[in-house]
Amino acid sequence: MTPEQRSAVRAGCNLATLPAAVRAELEEEKRQCREQQQEVQRKAAQLYGMRRNRLRVERELAQLGDRALAVRAALNKLISGGGKRGNGK
């Protein structure tokens, strides 16, 4: 995708006017982002289950590298109750 096409997409152009290859590339990016988000949520839920062992949670977060910030944000949201998980509240 050229920079001009990416800029047009961000500006809200009609995606139907883009070439098929560009639309396919956009769909692939969306799929990858969706998978990454699901992985972040899964890891946050896993860490939420072991939140009593703070040292282990911090070790796990440190091993995540560039995803650590996203996982930490999702974990904080779960802890604060922003992602209520069927706890009757």
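So, here is what we can say about the structure in this document. (Residues numbered from 1 in each chain as written. Predicted model: local features only at pLDDT ≥ 70, side-chain atom pairs only at ≥ 80, totals over all residues. Heavy atoms only, no water.)

### Section: the packing of helix H3 (residues 54-62) against helix H4 (residues 68-80)
When two helices pack together, you describe them by how their axes are tilted relative to each other and by the distance separating the axes. Rule in force here: Here an angle of 0 to 180 degrees is reported between the N-to-C directions of two axes, which are lines fitted to C-alpha atoms, with helices fitted over the stretch in contact. To qualify as a helix, a DSSP run of H or I must reach at least 4 residues; to qualify as a strand, a run of E must reach at least 2; elements of each kind are numbered from the N terminus. By definition in these notes, contact holds between two residues if any of their heavy atoms fall within 4.5 Å. Classes in brief: Ala, Val, Leu, Ile, Met, Phe, Trp, Tyr, Cys and Pro nonpolar; Asp, Glu, Lys and Arg charged; the others, Gly included, polar.
Relative orientation of the contacting elements H3 and H4 amounts to 145°, with a least axis distance of 9 Å. Listed contacts from H4 to Val57, Glu58 and Leu61 of H3 are Ala68, Val71, Arg72 and Leu75. Residue classes in the contact of H3 with H4 are distributed as five nonpolar, no polar and two charged.

### Some remarks on the pattern of salt bridges
Selection rule: Here, a salt bridge means any side-chain nitrogen of Lys or Arg that lies within 4 Å of a carboxyl oxygen of Asp or Glu. Type-normalised accessible area, obtained with a 1.4 Å probe on protein chains alone, sets the label of each residue: buried when under 20%, exposed when over 50%, and partly exposed for intermediate values.
Evaluated as defined, the whole model comprises nine salt bridges. For Lys30, the salt bridge is made with Glu27, and the minimal N-O distance between the two is 3.2 Å. Taken as a pair, Lys30 and Glu27 lie in helix H2 (residues 20-49) at a separation of three residues, close to a single helical turn. Between Arg72 and Glu58 there is a salt bridge; the shortest N-O distance is 3.1 Å. One end of the pair, Arg72, is in helix H4; the other, Glu58, is in helix H3, with 14 residues separating them in the sequence. When its relative accessible area of 31% is taken as the criterion, Arg72 is described as partly exposed. Its relative accessible area of 27% is what places Glu58 among the partly exposed residues. Via salt bridges that share partners, Glu28, Arg31 and Glu35 belong to a single interconnected network.

### Observations regarding the nonpolar core
Side chains of a nonpolar character, in soluble globular proteins, are inclined to be buried together. The cut-off we apply is this: Among the buried residues, those of types Ala, Val, Leu, Ile, Met, Phe, Trp, Tyr and Cys that are joined through side-chain atoms within 4.5 Å form a nonpolar core.
Counting 13 residues, the largest nonpolar core has Ala44, Leu47, Val57, Leu61, Leu64, Val71 and Leu75 as the members making the most contacts within it. Secondary structure elements with two or more residues in this core: H2, H3 and H4. Top element by residues in this core is H4. It accounts for five residues. What Leu47 contacts, discounting residues up to four positions off in sequence, is Val57, Glu60, Leu61, Val71 and Leu75.

Worth remembering: the numbers are spatial, not functional.
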